[in-house]
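Chain by chain, the residues run as shown.
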Amino acid sequence: MVRNVLGSLIALIGATAAVWSPFRPWYDGRHGSDIRIEDLFNGLTDNGATLFGSLVLPMVFAGLLTLIGVALRSRWLITLAGLVVLGFTILWMVRQGQSAGELTAGTHRLGVGVANALGGGALLILGALVMRGRARRVPADEDYDEAEAEPYYPPPDTWDPGHQPTQEWHPEPYRPTPATPPVEWGRDQRPPGPEHGQDDRPTRPTRPDWPAPPDGPEAPGTPGDHGGPTGPHRP
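Residues numbered from 1 in each chain as written. Predicted model: local features only at pLDDT ≥ 70, side-chain atom pairs only at ≥ 80, totals over all residues. Heavy atoms only, no water.

Caption draft 1: Expanded view of the environment of Val-85. Its place among the elements puts Val-85 in helix H4 (residues 75-100). Remark: the alpha-carbon pair of Val-85 and Gly-119, spanning 34 residues in sequence, is separated by 9.6 Å. Setting aside anything within four residues of it in sequence, one finds Val-85 in contact with Ala-18, Met-59, Ala-62, Ala-117, Gly-121 and Leu-124. (Helix = DSSP H or I, 4+ residues; strand = E, 2+ residues; numbered from the N terminus. Contact = heavy atoms within 4.5 Å.)

Caption draft 2: Quick look at the environment of Leu-123. Residue position: Leu-123 is located in helix H5 (residues 112-130). Between the C-alpha atoms of Leu-123 and Thr-79, which are 44 residues apart in sequence, the distance is 9.8 Å. Beyond its immediate stretch of four places on either side in the chain, Leu-123 contacts Ile-10, Ala-11, Ile-13 and Gly-14.

Caption draft 3: The packing of aromatic side chains, seen in detail. Tallying each qualifying case throughout the model produces three aromatic pairs. When the centroid spacing of 5.9 Å and the interplanar angle of 35° are considered together, the rings of Trp-20 and Phe-23 count as tilted. What links up through ring pairs into an aromatic cluster is the set Trp-26, Tyr-27 and Trp-92. (Phe/Tyr/Trp six-rings, centres within 6.5 Å; stacked < 30°, edge-to-face > 60°.)

Caption draft 4: The arrangement of the nonpolar core in detail. Among the nonpolar cores identified, the biggest contains 23 residues, and Trp-26, Ile-35, Val-85, Trp-92 and Leu-124 are the most heavily contacted of them. Broken down by element, this core gets its largest block of residues, five residues, from H4. (Core = buried A, V, L, I, M, F, W, Y, C linked by side-chain atoms within 4.5 Å. Buried < 20%, exposed > 50% of the residue type's maximum accessible area, 1.4 Å probe, protein only.)

Caption draft 5: Just the pattern of salt bridges, in detail. Per the counting criterion, the structure on display carries three salt bridges. The partner of Asp-34 in a salt bridge is Arg-30, and the shortest N-O contact between them spans 3.4 Å. Between Glu-38 and Arg-36 there is a salt bridge, with its nearest N and O atoms 3.6 Å apart. For Glu-38, a relative accessible area of 37% translates into the label partly exposed. According to the relative accessible area criterion, Arg-36 is partly exposed, its value standing at 22%. By sharing partners, the salt bridges in this structure join Arg-36, Glu-38 and Asp-39 into a single network. (Salt bridge = Lys/Arg side-chain N within 4 Å of Asp/Glu carboxyl O.)

Caption draft 6: Region of interest: the environment of Ser-21. Tracing the backbone shows Ser-21 in the loop between helix H1 (2-20) and strand S1 (25-27). Once you skip the residues sitting within four places of it in the chain, Ser-21 turns out to touch Trp-26, Met-59, Gly-113, Asn-116 and Ala-117.

Caption draft 7: Highlighting the packing of helix H3 (residues 56-72) against H4. Contact geometry of H3 with H4 gives a least axis separation of 7 Å together with a crossing angle of 165°. Looking at the two axes, H3 sits roughly antiparallel to H4. Seen from above, H3 lies across H4 with left-handed handedness. Residues Pro-58, Met-59, Phe-61, Ala-62, Leu-65, Thr-66, Ile-68, Gly-69, Val-70 and Leu-72 of H3 form the contact with H4, whose own contacting residues are Leu-77, Ile-78, Leu-80, Ala-81, Val-84, Val-85, Phe-88 and Thr-89. A class-by-class count of the residues in the contact of H3 with H4 yields 15 nonpolar, three polar and no charged. (Axes fitted to C-alpha atoms, helices over the stretch in contact; angles between N-to-C directions. Parallel < 35°, antiparallel > 145°, perpendicular 65-115°, else oblique. Left-handed = near helix turned anticlockwise from the far one by under 90°. Nonpolar A, V, L, I, M, F, W, Y, C, P; charged D, E, K, R; others polar.)

Written as structure tokens, this is what we have:
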């Protein structure tokens with residue numbers, strides 16, 4: 001922003017000097033408004049010129065380009081205005097040198113009008129260089145739908161697992177397992193055990209394809225294959 005303001009100020013000063021230069025003496029007291037434009041291409045003469053048929057026309061055109069360039073913040077328009085001013089001024093200097101045989105500065109030679117034109121053109125180019133120009137804008141799509149946009153996944157090297165979305169876990173309420181009620185033995189029943197004739201050897205569950213256990217004497221009240229008393233034990 002500051003560069004655009006500063007560059008625009010320099011360009012406006014240069015355009016003012018360029019537009020004012022034809023109304024100042026150019027050579028031997030002759031003003032630029034008295035030099036015809038066609039004489040720059042065919043050779044200088046002593047014939048007079050109308051206001052917009054003289055060097056006033058290109059200088060005013062350069063001033064208009066400068067105003068448009070400042071309004072649009074266009075560096076190219078301001079640069080073009082500076083080239084127009086310098087181009088016509090240098091072309092006149094070439095024709096004047098061919099006509100007079102030499103170019104010298106002084107009271108009866110090159111005047112302040114030429115200096116104003118050269119300085120104005122240089123300031124225009126300098127202002128264009130100082131300006132930053134107009135910022136580019138990305139065109140917005142009015143029909144853009146966020147729901148239709150594809151999700152963006154960062155590259156693997158920039159993936160941060162620490163910021164992944166976490167899934168909340170809701171544990172089920174604790175439910176205690178119901179206790180097995182104790183076995184109540186009757187008066188005529190006794191708990192199994194070696195002291196009551198119970199074989200304390202480990203047993204295995206029976207299956208149809210397993211061989212039957214060997215036959216042997218069993219004490220009265222011996223439990224079955226699945227453990228536990230088979231019935232009341234009577235002495």
